[in-house]
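What follows is the residue order along each chain.
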There are 2 protein chains.
Amino acid sequence: MSNEKKSISDAAIRRFPRYYRYLGELEASGITRISSQELAEKMGLTGSQIRQDFNHFGGFGQQGYGYKIEVLREEIGKILGIDKSKNVIVIGAGNLGQALIGYAGFSHYGFKLTGIFDISEKVIGTQMRDLTVLPMEDLEDFLKTNIVDIAVLTVPASAAAEICEKLCSLGVKGIWNFAHTDLTVPSGVTVVNAHLTDSLMQLCFRMNCDQIN
Amino acid sequence: MSNEKKSISDAAIRRFPRYYRYLGELEASGITRISSQELAEKMGLTGSQIRQDFNHFGGFGQQGYGYKIEVLREEIGKILGIDKSKNVIVIGAGNLGQALIGYAGFSHYGFKLTGIFDISEKVIGTQMRDLTVLPMEDLEDFLKTNIVDIAVLTVPASAAAEICEKLCSLGVKGIWNFAHTDLTVPSGVTVVNAHLTDSLMQLCFRMNCDQIN
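Residues numbered from 1 in each chain as written. Chains lettered and ligands numbered in written order. Predicted model: local features only at pLDDT ≥ 70, side-chain atom pairs only at ≥ 80, totals over all residues. Heavy atoms only, no water.

Draft legend 1. Up close: the overall build of chain A. Within chain A, the regular secondary structure consists of 10 helices and 10 strands. Its C-alpha atoms give chain A principal-axis dimensions of roughly 60 × 50 × 35 Å. Across the 213 residues of chain A, 52% fall into the buried class. Restricting the contact set of chain A to residue pairs at least 6 apart, pairs at least 24 apart contribute 55%. Charge separation in chain A, taken as the distance between the mean sites of 21 positive and 24 negative side-chain charges, equals 6 Å. (Helix = DSSP H or I, 4+ residues; strand = E, 2+ residues; numbered from the N terminus. Buried < 20%, exposed > 50% of the residue type's maximum accessible area, 1.4 Å probe, protein only. Contact = heavy atoms within 4.5 Å. Lys, Arg positive; Asp, Glu negative; His and termini not counted. Charge placed at Lys NZ, Arg CZ, Asp CG, Glu CD.)

Following this line, the structure appears as structure tokens:
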């Protein structure tokens, strides 16, 4: 199974969180079973695409009778790794950092905010979600004495590389990068970029193509 | 050319904003020319991938001597459609909406914030970036009397579909969707999703795969 996992495409990796989200919506609306075909139609995919994705992980039960939504969602949660609690710190408590800190939804997925760091005297010492914002100087000690799974980087692009290096050297294995630059990390560390400007440019690009065609 | 554009993959669409960003960084550091191979190495791509992407749009000049960065960046800006100013409204001035409103960087790419809407009495009437936050009831009139290219949806998932329908019926052609749900839009309207929870789940998924492998 582990070898098969390696071959999962980026596109499939993007689909799994959507499966999880859709199945949650279906469950909330009282539906208990769904076929791959029905799920595909709702999600704008094909049934075979869904079956192929699921087959990476053993297929999840009898396709002829449809999938049992509760079970499927739980299995996908395990695959995504969100069945286990993750300790998260936010570095950079500016507007975007605060928005992410304030987003209650993350806790539903097992993300536990355990530290907030900033360089600005304006926010250091203030309370956000029951945590006191700490100065960046405290980051190293914090990482030495606390288990941190994921660091959220909401700092300017110019500061990101140095902070990232420190995080990696002190054992952080996951970085959610909002800084407007790409990061180089050693093997064993995972970065997912959430470059908002890139996303907005993608929108423009798609609109521009639509206009020309 | 327009037919070729249609065949551009999602992955390529995601690469173009990165090209634009990297070329900007190179230009800022005083470099004037770069080969596709050098650019590829910096970006973790292959030279042939870059050439293939660029060939969709005619190739951008003599490859043997490398690309002239200033010209290439300008051309890619045109392709992305960010050479023309775009009027943007933000619907939902909560934490995330405010973070996006406060992000000065967007104006560098020609995005002009022209309206902010919310349903909360707490924020309606307050000033954000020289704009007064308007009540949602004013949205329809606003769209009838102002040209709006892009609407940024930072509202709860439950409210998103209805607002999206209104936006589409009143001529908005681009929706940047942060609401935690997928939207159905008529042909001619482009949606790009920026589902932050999906992005965080992707990070977990990749970390989980790394641990198992």
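Now that the structure is up, let's keep going.
Draft legend 2. View of the relation of the copies chain A and chain B. Superposing chain A onto chain B takes a rotation of 180 degrees combined with a translation of 0.0 Å along the rotation axis, leaving an RMSD of 0.0 Å. The two molecules are tied by a two-fold rotation axis, judged by turn and shift. With an isologous cut-off of 70% or more, the 100% of interface residues of chain A that recur at the interface of chain B puts this contact in the isologous class. (Least-squares fit on C-alpha atoms with pLDDT ≥ 70 in both.)

Draft legend 3. Molecular detail of helix α3 (residues 36-43) of chain B. All names here are of chain B. Those residues of α3 lying buried are Ser 36, Leu 39, Ala 40 and Met 43. One face of α3 carries all of its buried residues, which in axial projection span an arc of 100 degrees. Structurally, α3 contributes buried residues whose contacts are with α2 (10-28), β1 (33-34), α4 (47-55) and β2 (67-68). Note on α3: the residue one or two positions beyond its end, Gly 44, has a positive phi of about 70 degrees. (Arc of directions from axis to C-beta.)

Draft legend 4. Representation of the pattern of salt bridges within the structure. Residue and element names in this part refer to chain A. Taken as a whole and assessed by the stated rule, the structure comprises 18 salt bridges over all chains. Across the salt bridge formed by Glu 140 and Lys 166, the nearest N and O atoms sit 3.9 Å from each other. Here Glu 140 is found in helix α8 (residues 139-145), whereas its partner Lys 166 is found in helix α9 (residues 157-169), with 26 residues between them in sequence. Looking at Glu 140, the relative accessible area reads 32%, which means it is partly exposed. On the basis of relative accessibility, which here comes to 34%, the residue Lys 166 falls in the partly exposed class. (Salt bridge = Lys/Arg side-chain N within 4 Å of Asp/Glu carboxyl O.)

Draft legend 5. Main features of a negative patch on the surface. All names here are of chain A. On the surface, Glu 121, Glu 137, Asp 138 and Asp 141 cluster together to form a negatively charged patch. Among the secondary structure elements, Asp 138 is positioned in the loop between β7 (134-135) and α8. What makes Asp 138 partly exposed here is its relative accessible area of 32%. (Patch = residues over 30% accessible without salt bridge, like charges linked within 9 Å, V, L, I, M, F, W, Y side chains within 5 Å. Areas by Shrake-Rupley, 256 points an atom, 1.4 Å probe, with all protein chains shown as cover.)

Draft legend 6. Here's a closer look at the confidence of the model for chain A. Residue and element names in this part refer to chain A. When pLDDT is averaged across chain A, the result is 89; 94% of the residues are at 70 or more. This model gives residues 1-5 a pLDDT under 50, and the stretch forms 11 contacts once residues within four places in sequence are excluded. Two numbers describe this predicted complex: its pTM, 0.84, and its ipTM, 0.88. (pLDDT = per-residue confidence, 0-100.)

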